[in-house]
Amino acid sequence: MTCWKKRLKAGALALIALALAAVPYWPWEAPDADLEAMGGAKIPDGPYVALTFDDGPKAATTPILLDGLAQRGVHATFFVVGQNVEGNELLLQRMEGEGHQIGLHTYHHKVLAELNASDFYTEVDELRAILTALVGREAFMLRPPYGMMNAATQDRAAAPIILWSVDPEDWSDRDTDRQVSVILDSVKDGDIILLHDIYPASVETALQVVDVMMARGFHFVTVEELFAIRGKTPENGKVYRKLPPSE
């Protein structure tokens, strides 16, 4: 284990555990200024979608995606794997600095439903501590690997659990055309789209989807921003797949 991990585990992890124990609900509230920044002085009418990415960061692909999103003025949500953070710390700080949301995808990409309590907290809280040390936040939403979870996962999460409503299964091939078609044929206001920023084809898929959907009048926001737009406070342990206007 590297020295920086030892220092984190000795200090930050303990502090975060105490903080989370004292907070029964998700503490994030979006200030009005953040929402206004999405569309100037007035929050634009929808439709809204949240573009999310799992399994990164990856040095070969994530910067290309961030460049493309920055050129388009789009914010996304990245559910990162802890073992991929080492060596890519600057990418995480760039995400935070450019207005993207960072979330938990466990340290080793393990199925949380198969873990005992001790291993669960190692997988989730160690990553939470690392991210807090890097970006200065203490609260992160959780996406269980493969979307696999049970009641114990919800009880232990200490975070809202974010799944998805649109999944082109980009891990199954490298066919950008197919992936783009699947997303565009099914996406609706309030959907949460799942992609992976570790595949070059998926990065291209994301940017093509953004271009087409923005031309159709869609706005891309982080999951946090989508909650704020809908006027909802995400709750720890509760599962969310989408946030349509009527929900």
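Provided above is the structure to which this section pertains.
Residues numbered from 1 in each chain as written. Predicted model: local features only at pLDDT ≥ 70, side-chain atom pairs only at ≥ 80, totals over all residues. Heavy atoms only, no water.

## Some words on the overall build of the chain
- Within the chain, the secondary structure is distributed over ten helices and seven strands.
- Counting only residues that meet the buried cut, the chain has 49% of its 247 residues in that class.
- Nonlocal contacts in the chain, meaning residues at least 24 apart in sequence, comprise 76% of its contacts between residues at least 6 apart.
- Per element, the accessible surface of the chain, about 10,800 Å² overall, is 52% carbon and sulfur. (Helix = DSSP H or I, 4+ residues; strand = E, 2+ residues; numbered from the N terminus. Buried < 20%, exposed > 50% of the residue type's maximum accessible area, 1.4 Å probe, protein only. Contact = heavy atoms within 4.5 Å. Areas by Shrake-Rupley, 256 points an atom, 1.4 Å probe, with all protein chains shown as cover.)

## A word on the environment of P160
- Secondary-structure assignment places P160 in the loop between helix 7 (151-156) and strand 4 (161-162).
- Note on P160: relative accessible area 0%, which makes it buried.
- A sequence separation of 74 residues divides P160 from P234, and the C-alpha atoms of the two residues are 6.0 Å apart.

## Some remarks on the nonpolar core
- L51 and F78 are the most contacted members of the largest nonpolar core, which totals 47 residues.
- The element contributing the most residues to this core is helix 6 (residues 117-135), with seven residues.
- For F78, the residues in contact, after removing those within four places along its chain, are F53, T62, L65, L66, L69, M95, H100, Q101, I102, G103 and D197.
- Listed in part, the twelve residues of the second largest apolar core include M141, I162, F227 and Y240. (Core = buried A, V, L, I, M, F, W, Y, C linked by side-chain atoms within 4.5 Å.)

## Some details on the packing of helix 8 (residues 176-186) against helix 9 (residues 200-215)
- The interhelical angle for the contact between helix 8 and helix 9, taken along N-to-C directions, is 40°, at an axis separation of 9 Å. Compared by their axis directions, helix 8 and helix 9 come out oblique. Here helix 8 and helix 9 pass one another in a crossing that is right-handed. Judged by residue contacts, T176, Q179, V180, I183 and L184 of helix 8 engage A201, S202, E204, T205, Q208, V209, V212 and M213 from helix 9.
- Here the residues of the contact of helix 8 with helix 9 are counted per class, giving seven nonpolar, five polar and one charged. (Axes fitted to C-alpha atoms, helices over the stretch in contact; angles between N-to-C directions. Parallel < 35°, antiparallel > 145°, perpendicular 65-115°, else oblique. Left-handed = near helix turned anticlockwise from the far one by under 90°. Nonpolar A, V, L, I, M, F, W, Y, C, P; charged D, E, K, R; others polar.)

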